[in-house]
Amino acid sequence: MRKSVFILSLFISLFQANSQQSFVWFDEALPFEKRVDALLDAMTLEEKCSQFMSDSPAITRLGIPEYNWWNEALHGVARNGKATIFPQGIAMGATFNPELIKEVANAISDEGRAKFQVSKSIGNRGMYAGLTYWSPNVNIFRDPRWGRGQETYGEDPFLTSKIGVAFVEGLQGADEKYFKSTACAKHFAVHSGPEALRHSFNANPSKLDLYETYLPAFEALVKEGHVQGVMGAYNAVYGEPSTSSTFLLDETLKRAWGFNGYIVSDCGALGDIMKGHKKAKTQEEAAALAMLAGVNLNCGWVYQKLASAVKKGLISEDLINERLRKLFLIRFKLGFFDSDASNPYTKLGTEVINSEKHKNIARKASQQSIVLLKNENNVLPLDKNIKSLYVTGSFAASTEILIANYYGMSPNMVTVLEGVADKVSLGTSVEYRLGVLPFQNNLNPLNWAVQVPKTVDATILVAGISNEIEGEEVDAIASQHKGDRQDLKLPQSQIDYIKDVSKNKKGPLILVLGTGSPVSLEEVEPYVDAIVLMWYPGEQGGNAVADVIFGDVSPSGHLPITFPKNVEQLPPFDDYSMKGRTYKYMEKEPMYPFGFGLSYGKILFEAVSPKSKTIKKGEGVSFLVNVKNQSDIHLEDVVQVYLIPEDDKGFLPKYALKAFKRVALKPNVSQELTFTLTDKDFYQTDLEGKKAWLKGRYKIAISNALPSERSVNLGASKPVEFGIKLH
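Here's what I pulled together on the structure shown here. (Residues numbered from 1 in each chain as written. Predicted model: local features only at pLDDT ≥ 70, side-chain atom pairs only at ≥ 80, totals over all residues. Heavy atoms only, no water.)

**As for the sheet that holds strand β16 (residues 614-615)**
Here is step 1 of the chain: Reading across the sheet, the five strands line up as β16-β24-β23-β18-β19 and stay open at both edges, with mixed pairing between neighbours. On the outer flanks of this sheet lie β16 and β19 (656-665), each paired with one strand and no other.
Here is step 2 of the chain: Here strand β18 (residues 635-645) pairs with strand β23 (residues 696-703) via six bridges, running antiparallel. Pairing of Pro645 across the sheet is with Tyr698, part of β23. (Pairing = 2+ DSSP bridges. Helix = DSSP H or I, 4+ residues; strand = E, 2+ residues; numbered from the N terminus.)

This is the structure:
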């Protein structure tokens, strides 16, 4: 079998080599655009129409190889064998560190390029073997019940934009001629559950919410990140399916924002034009509607009828040429029609795949994403020379809690149990028991695991949910709600176990929480001494958690999403109004505010007022902030800048994140930071969705969490602020 595959691969290589001599589109001296036009001129209508499917077949007579567009790289090369598994998207948001996330994405695309070369060599040109990654997910995590919210960077459009642009830049590379790989912003637009309704749901947001919340990250990825792909969503917006919406795809994405890449449907979404939204009666009609709106590529089956749609006069061959030109430009710019010697990225070898360098980046990203939510009486960090230690809980020895969804495969996954065991003294007595089944009560009424805390100096209990409970509708096999969550609690079996362990503890009880979304902790918080939120931390998660618990690294992650006290604080899940949602509009006091995260040290803010407190159109403001580390340890923290209107006029955000910087501070040392806000930062979205200069008085607050009383009461530093007037 291997011999036949090798012979086929050799034949294809020889054929393509000969083709390069006879076909003008292989002439590397010509611009890509001319080469693509020459190729299109040589193709028949049937050949052209075959190339609009995500699994595009080879056209042997023209030297066009088979190509499958579908690949994933949400937090590492996914579904394609060995690759480094980085922390899940929500954890990347918690780092508040775009520079690090660009480093993560650069590592992902390095591995992707190396794997692509190997895949070609064995004749694998199928699904998940290509370089067109359908990542990142920049939908706004508007409701914590959404199972796919874990893929996003959180609830804030500004933070999502900064992390998303960095991720795109890392994936696509910086070469002037070639892309290392291509990114794809998804799911466009106004998409965040419920999963069970996604194929027929119509989102009808106000213009304020559309332009203030749902679209800014996509716009940033297009204008700043130059993302090459955009994926349409399953749902409808304003009554029109997202993948046939001329408002979304043509007026907004292309004309207003200048997008010049390719648009792909979510898988099966073009079928929803007929079945879910009932906007077309036939496959040809659905194909024509999507093609006219701007969809270049179909993951699904509807575009199998494109040639028939042309023959029926529903679309023209000129439109076919226009849409196909974009697809081939991507393939040319990835170097698929050039020699390997011409492309700098083909030199990336297999040694980069799951390399020590990349494992270290994964560990660093996990360290910076971990959020310390509670540390009563400073029980953390623990001493590595602790005499006795108990590690327990449903996910203490689980790799499932590390990997989230859309994951690769690594031989180097480190569980929390393994990370802790490797960190403590070789003389420390470490005991482990699972203790509790993750999603149901134990079947055996006898359970010695709850007695062990009586005998040890500290207990680390690893609880949480996993991709079996929350995720995409087709994957979360332990979910009764197609991947979404009905409430925000931990499974009752785990809640009961935490309480039982707490009753028997001799030393501190450290709760380590694995999740991709907010968890209601009001029922268990009183029973534990510390809460370490690790998210879905990737393959090095166990090491990163141990680094934090034992003080090699001070925790520095901050919440990219509000943790409500309970589900009763939330509006209805299927309500897409932002009223009462996220830190910007929430009226009720949350359990843990957006931006919150404790450290083992404490920082003090001292702000210097700006030169001018009256700002006119076209003007900005700069100001200095002195940040002092008041502790005897090295720490990192995230300095956050918020705009707060004194009069919210009934529709302005109560708070709006406008800038942030991650800072590293040596013990008892101060650092002066400069922030500059441009006039663009002061424009507000009005009720018509327009950016307006709204005169009045505002405050600028500098803090290391949402500048609220709740944050300070939980242990965040006291914010500093000054007033400005927009004139």
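**Here's the deal with the nonpolar core**
Here is step 1 of the chain: By size, the foremost hydrophobic cluster in this structure holds 125 residues, and its most contacted members are Trp134, Phe188, Tyr303 and Phe328.
Here is step 2 of the chain: The element contributing the most residues to this core is helix α13 (residues 317-333), with eight residues.
Here is step 3 of the chain: Apart from the residues within four sequence positions on either side, Phe328 is in contact with Val36, Leu39, Leu40, Met43, Gln51, Ile64 and Phe337.
Here is step 4 of the chain: Counting 76 residues, the second largest nonpolar core, distinct from the first, contains Ala94, Val391, Ile498 and Leu513. (Core = buried A, V, L, I, M, F, W, Y, C linked by side-chain atoms within 4.5 Å. Buried < 20%, exposed > 50% of the residue type's maximum accessible area, 1.4 Å probe, protein only. Contact = heavy atoms within 4.5 Å.)

**Here we look at the packing of helix α5 (residues 98-121) against helix α14 (residues 356-369)**
Here is step 1 of the chain: Relative to each other, α5 and α14 sit at 145 degrees, their axes nearing to 10 Å. Pair α5 / α14 crosses with left-handed handedness. Taken together, the residues of α14 that come into contact with α5 (itself represented by Leu100, Glu103, Val104, Ala107, Asp110 and Glu111) are His358, Ile361, Lys364, Ala365 and Gln368.
Here is step 2 of the chain: For the contact of α5 with α14, the residue count by class is five nonpolar, two polar and four charged. (Axes fitted to C-alpha atoms, helices over the stretch in contact; angles between N-to-C directions. Left-handed = near helix turned anticlockwise from the far one by under 90°. Nonpolar A, V, L, I, M, F, W, Y, C, P; charged D, E, K, R; others polar.)

**Quick notes on the packing of aromatic side chains**
Here is step 1 of the chain: Using the criterion set out here, one finds 31 aromatic pairs in the structure.
Here is step 2 of the chain: Taking the centre distance of 6.4 Å and the plane angle of 70 degrees together, the rings of Phe563 and Tyr592 count as edge-to-face. With Phe563 in the loop between α18 (541-549) and α19 (582-585) and Tyr592 in the loop between α19 and β15 (603-608), this residue pair connects regions lying 29 residues apart in the sequence.
Here is step 3 of the chain: Of the residues examined, Phe563 reaches a relative accessible area of 0% and is grouped as buried.
Here is step 4 of the chain: An aromatic cluster of three or more residues is present, and its members are Phe26, Phe32, Tyr178, Phe328, Phe332 and Phe337. (Phe/Tyr/Trp six-rings, centres within 6.5 Å; stacked < 30°, edge-to-face > 60°.)

**Observations regarding the sheet that holds strand β20 (residues 670-677)**
Here is step 1 of the chain: Across the sheet, three strands lie side by side as β15-β17-β20; this open sheet has antiparallel pairing. The two strands at the open ends of the sheet, each matched to only one other strand, are β15 and β20. Taking the axes of each pair of neighbouring strands and ignoring which way they run, one obtains an average angle of 25 degrees across the sheet.

**Regarding the state of the cysteines**
Here is step 1 of the chain: According to the stated counting rule, one finds one disulfide in the structure shown.
Here is step 2 of the chain: Note that Cys267 is cross-linked by a disulfide to Cys299, the S-S spacing being 2.0 Å. Here the disulfide of Cys267 and Cys299 is right-handed, its torsion about the S-S bond being about 90 degrees. With a gap of 32 residues between them, Cys267 in the loop between β8 (262-265) and α10 (269-274) and Cys299 in the loop between α11 (283-293) and α12 (306-311) connect regions that are remote in the sequence.
Here is step 3 of the chain: Left without a disulfide partner, Cys49 is nearest to the cysteine sulfur of Cys299, which lies 18 Å away.
Here is step 4 of the chain: Taking the relative accessible area as the measure of exposure, Cys49 reaches 6% and is therefore buried.
Here is step 5 of the chain: Cys267 supplies the cysteine sulfur nearest to Cys184, a cysteine that is in no disulfide, at a spacing of 10 Å. (Disulfide = S-S within 2.5 Å.)

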